[in-house]
Amino acid sequence: MHAVLITFTSTATLDQVAEPFERYAHALRAIPGLVMKTWIADGTTLGGFHIFDDTSHADGYLNSELLATVKSNPAFSDFRVTRFDVIDTLSAINGSPATQRAS
């Protein structure tokens, strides 16, 4: 599996983005190879930790029109994308839902 951490700065409040992010969350269900996403927020920093079944599906999402719509929103800036390989064996020991779903 492959993990992608995406963070960005938002001038919008969580209340202001709640409805569009809920629609986005439902749209993510159609992304090939996405095993799970955990949404994160810390003050003006928003984003998510994504787990994909492989790097090619992560690449597909990172190049998708769906993500491009988020990046083009003028309320969002300072996008950071960090990629990681997932250590499946250790993650399974700790009950990672991603490794359980992939098995």
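Structure: see above.
Reference entry: report on the structure contained in this document. Throughout, a residue's number is its position along its own chain's written sequence, starting from 1. For this predicted model, a pLDDT threshold of at least 70 governs which residues receive local features, and a threshold of 80 or more governs which side-chain atom pairs are given and counted, while totals over whole chains, interfaces and linings are taken from all residues. Only hydrogens and water are set aside; all other atoms, that is, all heavy atoms of the structure, feed into the side-chain values.

1. Concerning the side chain of Ser-10
To keep things clear, this is the line we draw: Runs of H or I in DSSP of at least four residues are treated as helices and runs of E of at least two as strands, each being numbered from the N terminus. Three labels apply to residues, based on accessible area from a 1.4 Å probe with only protein chains included: buried if under 20% of the type maximum, exposed if over 50%, partly exposed otherwise in between. In this analysis, two residues are considered to be in contact whenever any of their non-hydrogen atoms come within 4.5 Å of each other.
When you line up the elements, Ser-10 lands in strand β1 (residues 2-10). Note on Ser-10: relative accessible area 4%, which makes it buried. Excluding its chain neighbours within four sequence positions, the residues that come into contact with Ser-10 are Thr-44, Leu-46, Ala-75 and Phe-76.

2. Looking at the nonpolar core
The following threshold applies: For this analysis, a nonpolar core means a set of buried residues of the types Ala, Val, Leu, Ile, Met, Phe, Trp, Tyr and Cys, connected via side-chain atoms within 4.5 Å.
Phe-52, Tyr-61, Leu-67 and Phe-76 are the most contacted members of the largest nonpolar core, which has 18 residues in total. Within the residue set of this core, elements represented by two or more residues are β1, α1 (14-28), β3 (45-52), α2 (55-62) and α3 (65-71). In terms of residue count, α1 provides more of this core than any other element does, 4 residues in total. When sequence neighbours within four positions are dropped, the list of residues in contact with Phe-52 reads Met-1, His-2, Val-4, Ile-31, Pro-32, Gly-33, Leu-34, Val-35, His-57, Ala-58 and Tyr-61. Residues Met-1, Ala-3, Ile-51 and Val-86 belong to the second largest nonpolar core, which totals 5 residues.

3. As for the pattern of salt bridges
Where we set the bar: Basic side-chain nitrogens of Lys or Arg form a salt bridge, by our definition, when they fall within 4 Å of a carboxyl oxygen of Asp or Glu.
A complete count under the given rule lists 2 salt bridges for this structure. For Arg-23, the salt bridge identified is with Glu-19, shortest N-O distance 3.1 Å. Of this pair, Arg-23 and Glu-19 both sit in helix α1, 4 residues apart, roughly one helical turn. Of the two residues, Arg-23 and Glu-19, both sit in the exposed class. Arg-83 is paired through a salt bridge with Asp-59; the nearest N and O atoms lie 2.7 Å apart. Within this pair, whereas Arg-83 is found in strand β4 (residues 76-85), its partner Asp-59 is found in helix α2, the two being separated by 24 residues in sequence. For Arg-83, a relative accessible area of 35% translates into the label partly exposed. Overall, Asp-59 belongs to the partly exposed group, its relative accessible area being 31%.

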